[in-house]
Amino acid sequence: MHALRPLLRKSLFNLFAASLACAALLAPRAASAEALLLIEADSGKVLQADNATIPWYPASVTKIMTAYVTLKAVKDGRLTLDSLLTVSPTAASQSPSKMGFRPGTQLTVDNALKMMMVKSANDMAVVLAEGVGGSIDGFSAMMNDTAKKLGMTQTSYVNPNGLPADGQITSARDLGILARAFLRDLPEYESFVHIPAIRFGKRITGNFNKLIGRYPGADGFKTGFICASGYNLVASATRNGRRLIAVVLGANSGTARAVKAAQLLERGFAQDTLTWLRPSLGTVDNLVPVDASPPNLRDEMCGPHRKRPASDDDDALIATNGGTPGSATGGEAQVTFFTAGLQPPMMKASELMAAAPAAAEPVLVYTGPTRTGTALIAAVAADADQQTVAKPRGKKSRVAKRHDAADKPKDANKDGIKDAGTKTAAAKPDTKQGAAKSDGKTATKPAAAKHATAKSDASAKSAATGDQAPKPAKPKAATNPAATKPAATKPANNS
């Protein structure tokens, strides 16, 4: 018995050390406005879960369910990928990100899905919803019915694109369940979730999911962002035949969510050699939901401290060195940090996301029916021509618009007063103060106003007596007709 005591003490010490190592690896971080989940795609086994069952605003990861319901309808024979859908006024009125097609434009289910999943086009989500469910409300009911069947107990939908709306809620747990269901139930349509880029006419749009083409083995899914949710990402990757799904909700930038997802995935792949150290966390379906309200990150994500407006295609790069604790790069080592010595270290996750994506041919998308060969080339060229015609207005167009406004004195006068925020010389023709004020702002006054307020005695007298200023030979772009009217003219209403 005495001889066995040293062996027993040694075994207990080894067990204690292993427990400490396991706890250090799997201990959740301090509570923060962020949810993380890592699961195995095949088994649903949970490898890491931080705030995974706290309700969250889904933003555009909603479109995973929109694609799932649409493709289930295709698989069941209710429509085909070649079915033509029409852009309605409701679809065209959606907020960006969107394709911006005019009402009445037609395109196939296939092209609408590609535009929605790569560009995160909100208008295309509504086009699909109306084509499959008849209306946004009808399709939302289908989405909720599907969520219930899949066991997504924390999810409710009121629209197909994830734009802010009361009742549009999910959780990292439910998104993990949905991603697994997509891969399990729709393997023939899996290509829709990992298209690297699309080309519409002359415009090429890369996938907002920065892991595609950067992280080794990345093969899905979808990004999302609204101010209230922060930056969300559902991502998947496959290595040595093993597929993992990572969910990141509430990151502070588009790059940060990609870095966090890459770190989760890398840890999961590395854990394959340390399974004996990890206690079982069960499966994603068995995670217990938390009864709470979703956090609202609006002030943090879209407050005045941001240097530019946040969006789902945020390109802000985070530093690859010297991060602060708790940040995306704080204390970041190589992405294989806790298996150092067991395999060669990889590049840092932040460096991977900052690198250019691997070269890939963008997938052609277009309006109109399905085409191939020369007809496809002609369709792409027609879309490119349409883009040229509808090119956004530049400086010259704005000048031309102001010339048009000059032909409408009444409207132009109102606009001039609104822009200046003060009364014009025509409104107070007999005050010297008004003339002096005009002199102080000659840089913003039209040519006619300059003549009316010139420093010569003759011009000053003319302004004081209300004589009409001489008209310029050619009206300037910013001409304010009020300045060219005689003092007797009734001033416009400033109310």
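What counts as what
- Counting starts from 1 at the beginning of each chain's written sequence and moves along it residue by residue.
- Selection of residues for local features in this predicted model requires a pLDDT of at least 70, selection of side-chain atom pairs for listing and counting requires 80 or more, and totals for whole chains, interfaces and linings are taken over all residues.
- As a rule here, side-chain values come from all non-hydrogen atoms in the structure, and water together with hydrogens is ignored.
- Runs of H or I in DSSP of at least four residues are treated as helices and runs of E of at least two as strands, each being numbered from the N terminus.
- Partly exposed describes any residue whose relative accessible area lies between the buried limit of under 20% and the exposed limit of over 50%, with all areas from a 1.4 Å probe on protein chains only and scaled to the type maximum.
- Here, residues are in contact when the closest pair of their heavy atoms is within 4.5 Å.
- Each accessible area is a Shrake-Rupley result for a 1.4 Å probe, and residues are judged covered by the shown protein chains and nothing else.
- Only Phe, Tyr and Trp rings are paired, with Trp represented by its six-membered ring, and only when their centres lie within 6.5 Å; those with planes under 30 degrees apart are stacked, over 60 edge-to-face, the remainder tilted.
- Polar contact is defined as a pair of N or O atoms within 3.5 Å, subject to the rule that within protein one atom must be able to donate a hydrogen and the other to accept it, and that residues adjacent in sequence are counted only when both atoms are side-chain atoms.
- The rule for a salt bridge is simple: a side-chain nitrogen of Lys or Arg has to be within 4 Å of a carboxyl oxygen of Asp or Glu.
- Note on definitions: angles span 0 to 180 degrees between N-to-C directions of axes, and those axes are lines fitted to C-alpha atoms, for helices only across the stretch in contact.
- Convention used here: angles under 35 degrees read as roughly parallel, angles over 145 as roughly antiparallel, angles from 65 to 115 as roughly perpendicular, and any remaining angle as oblique.
- It is the rotation of the near helix from the far one that decides the hand of a crossing: anticlockwise by less than a right angle makes it left-handed, clockwise makes it right-handed.
- When DSSP finds at least two bridges between two strands, those strands are taken to pair.

(A) Highlighting the overall build of the protein. When you go through the protein residue by residue, the secondary structure sums to 16 helices and 10 strands. Scored against the burial criterion, the 495 residues of the protein give a buried share of 45%. The contacts in the protein between residues at least 6 apart in sequence include a share of 66% that link residues at least 24 apart. Taken as a whole, the protein presents about 25,000 Å² of accessible surface, with 56% of it coming from carbon and sulfur.

(B) The packing of aromatic side chains, seen in detail. By the definition in use, this model includes 4 aromatic pairs. Note on Phe182 and Phe221: the rings are 5.8 Å apart at their centroids and 90 degrees apart in plane angle, and the pair reads as edge-to-face. Taken as a pair, Phe182 in helix H7 (residues 172-185) and Phe221 in strand E7 (residues 218-226) lie far apart in primary sequence, 39 residues in all. An aromatic cluster is present here, built from Tyr68, Phe182 and Phe221 joined pairwise through their rings.

(C) Broad picture of the environment of Thr205. Residue position: Thr205 is located in strand E6 (residues 203-206). Taking the C-alpha atoms as reference, Thr205 lies 8.2 Å from Pro362; in sequence the two are 157 residues apart. With sequence-adjacent residues up to four places away left out, Thr205 is seen in contact with Val118, Lys119, Ala197 and Ile198.

(D) A look at the environment of Gln387. Locating Gln387 in the fold gives a position in helix H11 (residues 373-389). For the pair Gln387 and Gly201, spaced 186 residues apart in sequence, the C-alpha separation works out to 7.2 Å. Those residues in contact with Gln387 that sit more than four places away from it in its chain are Phe200, Gly201, Lys202 and Arg203. Of the polar contacts made by the side chain of Gln387, one reaches the backbone nitrogen of Lys202; its length is 2.9 Å.

(E) Structural context of the pattern of salt bridges. In total, this model carries 12 salt bridges according to the counting rule given. The partner of Asp110 in a salt bridge is Lys114, and the shortest N-O contact between them spans 2.9 Å. One end of the pair, Asp110, and the other, Lys114, are both in helix H4 (residues 109-119), 4 residues apart, so they sit about a helical turn from each other. Given a relative accessible area of 17%, Asp110 falls into the buried group. When the shortest N-O distance is used, the salt bridge between Lys149 and Asp145 registers 3.3 Å. Placement of both Lys149 and Asp145 in helix H6 (residues 136-150) is noted, with a separation of 4 residues, approximately one turn of the helix. The class for Lys149 is exposed, based on a relative accessible area of 67%.

(F) Just the packing of helix H2 (residues 62-75) against H7, in detail. Following both chains from N to C, one finds H2 and H7 inclined at 25 degrees, their axes separated by 11 Å at the closest point. When the axes of H2 and H7 are compared, the pair comes out roughly parallel. At the point where H2 passes H7, the crossing takes the left-handed sense. Together, Ile64, Met65, Ala67, Tyr68, Leu71 and Lys75 of H2 and Leu178, Ala181, Phe182 and Asp185 of H7 make up the contact between the two elements.

(G) Representation of the pairing of strand E1 (residues 35-40) within the structure. Counting buried residues in E1 gives 6 out of 6 residues, a clear majority hidden from the surface. Of the two faces of E1, the one holding Ala35, Leu37 and Ile39 and the one holding Leu36, Leu38 and Glu40 are both buried throughout. In this sheet, strand E9 (residues 242-251) lies alongside E1 in antiparallel orientation, the contact comprising 6 bridges. What sits directly across from Leu37, in E9, is Val247. Alignment of E1 against strand E2 (residues 46-50), held across 4 bridges, turns out to be antiparallel. Bridge pairing in E2 places Leu38 opposite Gln48. Count of turn residues in the E1/E2 antiparallel hairpin: 5 residues, of which Gly44 carries a positive phi of about 80 degrees.

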